[in-house]
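# Chains, contacts and geometry: an overview
Spelled out from the first residue to the last, the chains are:
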Amino acid sequence: MRGVIPEIAWAPRGACRDSDPDLFFPLTSSAEQEERAKGVCAGCQVLADCREYALRTGEPDGIWGGLTVEERRRARFPGGWQHATAGR
Ligand code: SF4
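For clarity, every value in this text was computed on a predicted model and none was experimentally measured. (Residues numbered from 1 in each chain as written. Predicted model: local features only at pLDDT ≥ 70, side-chain atom pairs only at ≥ 80, totals over all residues.)

### Describing the overall build of the chain
Helices and strands together make up the secondary structure of the chain, namely four helices and zero strands. Secondary structure of the chain in N-to-C order comes out as α-α-α-α. Each principal axis of the C-alpha distribution contributes one length, and for the chain these read about 55 × 35 × 20 Å. Classification of the 88 residues of the chain by burial places 14% in the buried group. Sequence separation of 24 or more characterises 47% of the internal contacts of the chain that already satisfy a separation of 6 or more. (Helix = DSSP H or I, 4+ residues; strand = E, 2+ residues; numbered from the N terminus. Buried ≥ 20, exposed ≤ 12 C-beta atoms within 10 Å, placed from the backbone. Contact = placed C-beta atoms within 7 Å.)

Next up, the structure:
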C-alpha cells in the first residue's frame, strides 16, 4: 500500500479528484476555464486546507483552493515585490 503524504492528506477528498487535470492546470489559461475550476472549488469540502497549503508552499501553477496563480501571489505579497534596496 502506498503511503499518503501527510502534508496533502486532504487531497483525496478534493472535489477536483475526478476532474480533467487540464481544467486546473491548463497549458494556456482563460477566464472561462478559471471560472469553471473555481466553480468546482466552491463546493469543495477541503478548500481551506488546499488554499492554505498552496499559499504556504507557493504553488507556482494551476488553480488551488479557488485561487489562480496571480491571486495567490497577491495574497502572499499584498504589498507587491519589494527589492532589497528599495527605500535606501
Ligand atoms: S479547493 Fe479546488 S483545487 Fe483544492 S482540492 Fe478542492 S477542488 Fe481541488
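Next comes the rest of the account.
### Observations regarding the site of the ligand
Near the ligand you find 14 residues, and of these G14, C16, C41, C44 and C50 are the closest. For the shell around the ligand, the secondary-structure elements that each account for two or more residues are α2 (31-42) and α3 (47-57). Here the residues of the shell around the ligand sort into 11 nonpolar, three polar and no charged. (Near = placed C-beta within 6 Å. Nonpolar A, V, L, I, M, F, W, Y, C, P; charged D, E, K, R; others polar.)

### Observations concerning the nonpolar core
Of all hydrophobic cores here, the largest spans nine residues; its members are F24, A37, C41, V46, C50, A54, I63, W64 and L67. Looking at this core, the elements that each hand over two or more residues are α2 and α3. Residues within four places of A37 in sequence aside, it is in contact with L23, F24 and I63. (Core = buried A, V, L, I, M, F, W, Y, C linked by C-beta atoms within 7 Å.)

### Thoughts on the confidence of the model for the chain
For the chain, the average pLDDT comes to 92, and 93% of its residues sit at 70 or higher. Considering each helix and strand of the chain separately, the mean pLDDT is smallest for helix α4 (residues 69-76), with a value of 95, and largest for α2, with 98. (pLDDT = per-residue confidence, 0-100.)

### Points about the environment of G65
As for its placement among the helices and strands, G65 is situated in the loop between α3 and α4. In the structure, G65 is positioned 12 residues away from F77 in sequence and 17 Å away in space, judged by C-alpha atoms.

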